[in-house]
Every structure is written in structure tokens, then in C-alpha cells.
Amino acid sequence: MLVKIGIYMILKSFFMKDKNNHLGVIRLTFGILGSLALAYLLIMYIAKFLQFSIFENIVIAIILLPLFWSLFGLWIIMSKTKFNSVLKTLIPFSILYILVFGVQ
Amino acid sequence: MKKKLFNIHKLIGVNVILFFFLSLFFGILTIFQPYVNLWEDSKKHISHMKIEDINLEKCLKQVTKRKYFGEDGKILRNDIIKLSFPSMEMRANNLIRINNRSNFYLDPHSCKKIKPKAFTISLLFDRIHTGAIFNSIVFKILFGFMSVAVVFLCISGIFMIIKNRYRNTVKSSKAHYAKYHRLLLLYTLPLVFMFGLTGALFNLGVYSSPLITSHLTNGETLNVLKVDRNILADPDLEAPEPSQKIKNISLNELYKKAKSEFKDIKFYSMQLYNYKDINAKVKFIGFEPNNYFISSVTNESYIVLDANNAQVLDKKIADDGTFTEKTLDAIFYLHYLRTFDDIPRIIFGFIAMTMLVGLVYAMNLWLSRTKEDKFSYKVLKPLSLSIILGSLIAASMMFASNWIIPKNYFSFVLFDKFFFTQEVLFYLVYLLIFVYIIIKKDAFQIIKNSFYLSSILLFVAVLAHNFGSEFNIFKTYQEGMYEIFFTDISLAIVSVILFFFSKKLPKEHISFK
């Protein structure tokens, strides 16, 4: 019984809209680390299309990294439910991963 | 929804604000690096000299008559010489420096080799600004993450201002802090944003690039510095083995010829290849002072001359730079300030000071709104006070100790390790302030006393420079060392301002205990 209630509570807090304004561990982890992964994949994708020398491409991409990192981070942290923040990380991640490395 | 934005802004902000404060405070002192650098060393107390008037041949004899060994144990070639001219803006120095010899400085007036101080406070300020606290790499990376966080704070701050309609009516001191934190940093936001982007590139660029480098080079290397660099650093020219000795055209004439090839240019560096040989080449590197935003550190203008017949072998002006070079230059232009003259530097210093006030207000805002029995409050209150006030006192302590410490005690050896007295003193000040804050808990009195102390220290610095060295303000003015004269004057003015500030400090605005 207790386990059932526990699982119910966890699922509820995961999928339902938060009533308080605490950020929570899940949101912060995905907001900081997940957004770093997204931003990194995005700059790799952008760098492929730049027409300069390799070194110039890398430098331009690395300059853009903090900007994309913070934009993705803000977007993920502002999600309404915790499940949303996970989705916002995983779906763009898989799309960008396929775009950068291709489907094997 | 809006509250969540506020929470994340607060959480990230409070974690990085003290790093950002350190970087910004010592960044302001680094803006005035040329003046501090001249002021602190009696060897650099020489009047300004135009590059045309320097007898370059005579100065270069000092290099060619000495033998130097390279890192691989071989004798360095004496006909390849790279030197920096006395350039206040670009090199923050008024001595000639030989770049491919270690610690080799020449007096431009007499062309004698001189030994400046090994430890300079202007360099210490620069090091703290870039995050090399205790010369450790950990703080450098932390400062890099801090600059990413600054970019995040800028973006979330804009969103907060858009979403909540703040009113600018002030009722309490808390609202006072909130209003000015918002307004001051909003007006300087483009600069803060640019500082964040470039700071992240400087400190994290190499560490964050392995994956993308490996991907773009198809797995050849992980190190971005091993990729062929066509920007940021110009490669050396080819220098064939010396073959036939002949006499070249004099360097001063070559300099005049190089200068006549450009409309307006300031050279700060010269490279000689195969000096006094039949293949002799000279490369002059400079920037164009009136070509704003595209001519500074990364997009340099240069000219290569044949030293035997003064023919132009290669030439590049700032407009010829590639797209990337120009873009990087435009971004770095307002961070490096290397091409800034005196008055723009001072104006920029004042703008940076408004940012600093905005930051201090943000810290005050956090302190006055957090509950006092919270753990984070108990840790952050003494820490923030000791860093904010400690920076002020430590910086003025550096100025004061510079002329007081006798020459023999500039460095000492303890437990087989080499220490510079001033550097140890710098970190010691922070520790002492921290202990003082722990013992004496009245924040108002602590702030008042710290301002008094730093005001006294700055005044002592001026007095010690005037009476401890052979130069006083009258002599520096008469001999045309205006930089040093005005540094003395402005230190005295800052000291007086701090004194009045500590006297008129409003007690009701320090709401936290």
C-alpha cells in the first residue's frame, strides 16, 4: 500500500504542474547539463555549415556555445512539469544527434 | 511561472556574484594598467619618446653582442630579433622589450639593458582579473563557468524585465537596491553580455573544444591548438641560413618608409629576419587608431620590407582581414581596450564602475532579503563582505606597499619555496579582513572602517612615492612624465573620495546586521 502511494506521489509530482515554485533537482540537472549537451550538438551542427577554415569554424562555434547553453537552459528550466523538462531535453537531443552524426 | 524565473536568476546569481565581482573589480584596475605599470617601477620613470627618435641600431647592438641559449640547449640565432616598441596602449609599457629573449628590456633613451621589477602589481591585477588566483587552473575554469553564468543572467534578466512590469518608485532601502541593481545593469547590459561571451572563450575555449575539434578534423586531433591556425596568431616568416654579410639600410629609415605606406598607423612591434644579411627582411606590426572596431588585437596591420632596398614584400591593412578576423576583432575590441587612448579609457572605467555598483547592490539585495537563520546567509554574509571590502583594501595595500617595502625584502624564501612579499601580502589582507569580520559583527562599522583604512593606505602610497623615491610630483611634471604625475594625483583624489564616503555613509541603507 505504502509503495503504491509512494509511486503515485512520485508520478504525480513528475507529470503534474508544480504548485510551489521550487526548481527541483530534475529540472536543474536537465537545465544545466542537458542544455550543455544540446548547445554543444547545435554548435557542431552549425560549424559543419560554415565555409571558413577548420580553426575559424571552431572558434566561431565555441564563441556561440555560452549563448546557446544559456538559452536552452532557460527554456528547459521554465518548463511547467518535470516530465516536460525531460522531454524538452531528450527530443531535441535525439534530433540533433541524428543531424550531426547521422543514422547508423 | 514568473517566480520560477526569479528563483533561477537568484540561484545562479548568488553562486557566481563574488567571482564576477573579483573579475570586474580587478578588470577596472587593469583598464588603467599602463599608468599603474609606469607608476610602480622607478626604472620606468622616463619621459615619453617617439619611436622615430630611438636609435634602433644602437639598441640592437645590446642584443647581438650577447649569447643566449634556447630551450633545446642550442645558441639562439642573433639575426632573428622580435621586439616591442614602447607602446602605451598596446603593450602598457614605455621600454623596448625583446620578445624572443627572456626578461630583456632596453631603455629607449640610452639603449642600455635594464632590469625592471620581477613582480609588478599591474600584472597581479591582470592575473586576478583572468582568474589565476593562487596561479591555479581550477579558479581559471571556475571563472570561465562564471562568464557563462553571466550570459545566462543577462538573458534571464531581460526576460524578467519583460514579464514583470517593474515600477521605479522607491519606498524602502530594499526597493532602492532592487531598482538600482535593475537599472544600472540594464543600461550596461550589452557590455556585460559581451564580457560574458568573450570571458568564456578565453577561459573555457581550449577546454570545451576537444569534441568539436575531433568531429571537424575527422578524429585527427583533440587539441584545437594543433589545428592549422590562420587567425589569432600570425606565423613567423621564413628565415634562411645566413649567407652573405652586408650592411642594411638603417632601421629608422625603414621605419619611416613603413609609416609612409599607411594613412594612419601606430606600430607596436618589429620583427627582424636575417639581420645584416643579403636576405634581410623587416616586419612592422601595428594597428590603425582611427579604424574603430576592426583594427586591434586579432586583426593586425603589418608590412614586410626588404631591408636592403626598402621594397614592400607584403602588406596588409585592417580592411583586408578575413570575415572571422574582423568579427573577432569587433567582439574583442571593447574587452581588450588595447587601442584606447587616455580619455576613452577613463570613460570606460567609469562605465565599468557603474556595473560594479550594480553588482554590489545585487549582493546587498540578496543579503537584505534572505532570512538570517539560513545556512547560506551565515556563510555568504562574512564571505561577501570580506571579498568586497577585501578587494578594496588589498588593492590599496598593493599601492601602499609598493614604495614602502625596501628593495631587499621584495621576495623571500620559506620552506625552500620562493615567494614575493607583495603577493603574500595581497592574499593575507583577505584573510585578515575575514577574521576581523568574524570577530566584529557590526556590518556598518566594518564597512566604515574598511573605507577609512583603504583611504589611508592610498594616501600613504602617494606620500611614499613622493618621498621614498627620487621622484616627486613636481619633478615628474617638469620632466614630462605626465602619466606618473596624473596617477599620483588621481590616487590622492580617490583617497579623499573614499574618506568622505566613509564619513557620510548612510546608516539606514545598511539594513542587514
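Here, the structure is the one placed above.
Residues numbered from 1 in each chain as written. Chains lettered and ligands numbered in written order. Predicted model: local features only at pLDDT ≥ 70, side-chain atom pairs only at ≥ 80, totals over all residues. Heavy atoms only, no water.

## Some details on the overall build of chain B
Helices and strands together make up the secondary structure of chain B, namely 17 helices and ten strands. Expected size for 513 residues packed as a compact globule is a radius of gyration near 24 Å; at 26 Å, chain B falls within 12% of this value. Principal-axis analysis of the C-alpha atoms places the extent of chain B at approximately 80 × 60 × 50 Å. Classification of the 513 residues of chain B by burial places 53% in the buried group. The contacts of chain B with a sequence gap of at least 6 include a subset with a gap of at least 24, amounting to 70%. (Helix = DSSP H or I, 4+ residues; strand = E, 2+ residues; numbered from the N terminus. Rg over C-alpha atoms; globule rule 2.2 N^0.38 Å. Buried < 20%, exposed > 50% of the residue type's maximum accessible area, 1.4 Å probe, protein only. Contact = heavy atoms within 4.5 Å.)

## Considerations on the side chain of Ser208(B)
Along the chain, Ser208(B) turns up in helix H8 (residues 189–208). Judged by relative accessible area, Ser208(B) falls into the buried class, the value being 18%. Among all residues touching Ser208(B), those that are not within four sequence positions of it are Tyr40(A), Ile62(A) and Leu65(A).

## A short note on the pattern of salt bridges
All names here are of chain B. The full count for this structure, using the stated rule, is seven salt bridges over all chains. Between glutamate 423 and arginine 127 there is a salt bridge; the shortest N-O distance is 2.9 Å. Residue glutamate 423 is located in helix H14 (residues 421–439), and its partner arginine 127 is located in helix H5 (residues 121–130); the two are separated by 296 residues in the primary sequence. In this structure arginine 127 comes out as partly exposed when scored by relative accessible area, which is 23%. The shortest N-O distance in the salt bridge between lysine 257 and glutamate 261 comes to 3.3 Å. By relative accessible area, lysine 257 is classed as partly exposed at 28%. In this structure, a network of salt bridges that share partners links the residues Arg77, Asp79 and Glu241. (Salt bridge = Lys/Arg side-chain N within 4 Å of Asp/Glu carboxyl O.)

## Focus: a positive patch on the surface
Together, Lys3(B), Lys10(B), Lys174(B), Arg369(B), Lys371(B) and Lys374(B) line one region of the surface with positive charge. Here Arg369(B) lies in helix H12 (residues 342–369). (Patch = residues over 30% accessible without salt bridge, like charges linked within 9 Å, V, L, I, M, F, W, Y side chains within 5 Å. Areas by Shrake-Rupley, 256 points an atom, 1.4 Å probe, with all protein chains shown as cover. Lys, Arg positive; Asp, Glu negative; His and termini not counted. Charge placed at Lys NZ, Arg CZ, Asp CG, Glu CD.)

## Some remarks on the packing of helix H3 (residues 54–77) of chain A against helix H11 (residues 323–336) of chain B
Two elements in contact, H3(A) and H11(B), have axes separated by 11 Å at closest approach and are oriented at 30°. What the angle tells us is that H3(A) and H11(B) run roughly parallel. With respect to the hand of their crossing, H3(A) and H11(B) are arranged in left-handed fashion. Touching Glu56(A), Val59(A), Ile60(A) and Ile63(A) of H3(A) are Thr324(B), Leu328(B) and Ile331(B), all from H11(B). Counted by class, the contact of H3(A) with H11(B) contains five nonpolar, one polar and one charged residues. (Axes fitted to C-alpha atoms, helices over the stretch in contact; angles between N-to-C directions. Parallel < 35°, antiparallel > 145°, perpendicular 65-115°, else oblique. Left-handed = near helix turned anticlockwise from the far one by under 90°. Nonpolar A, V, L, I, M, F, W, Y, C, P; charged D, E, K, R; others polar.)

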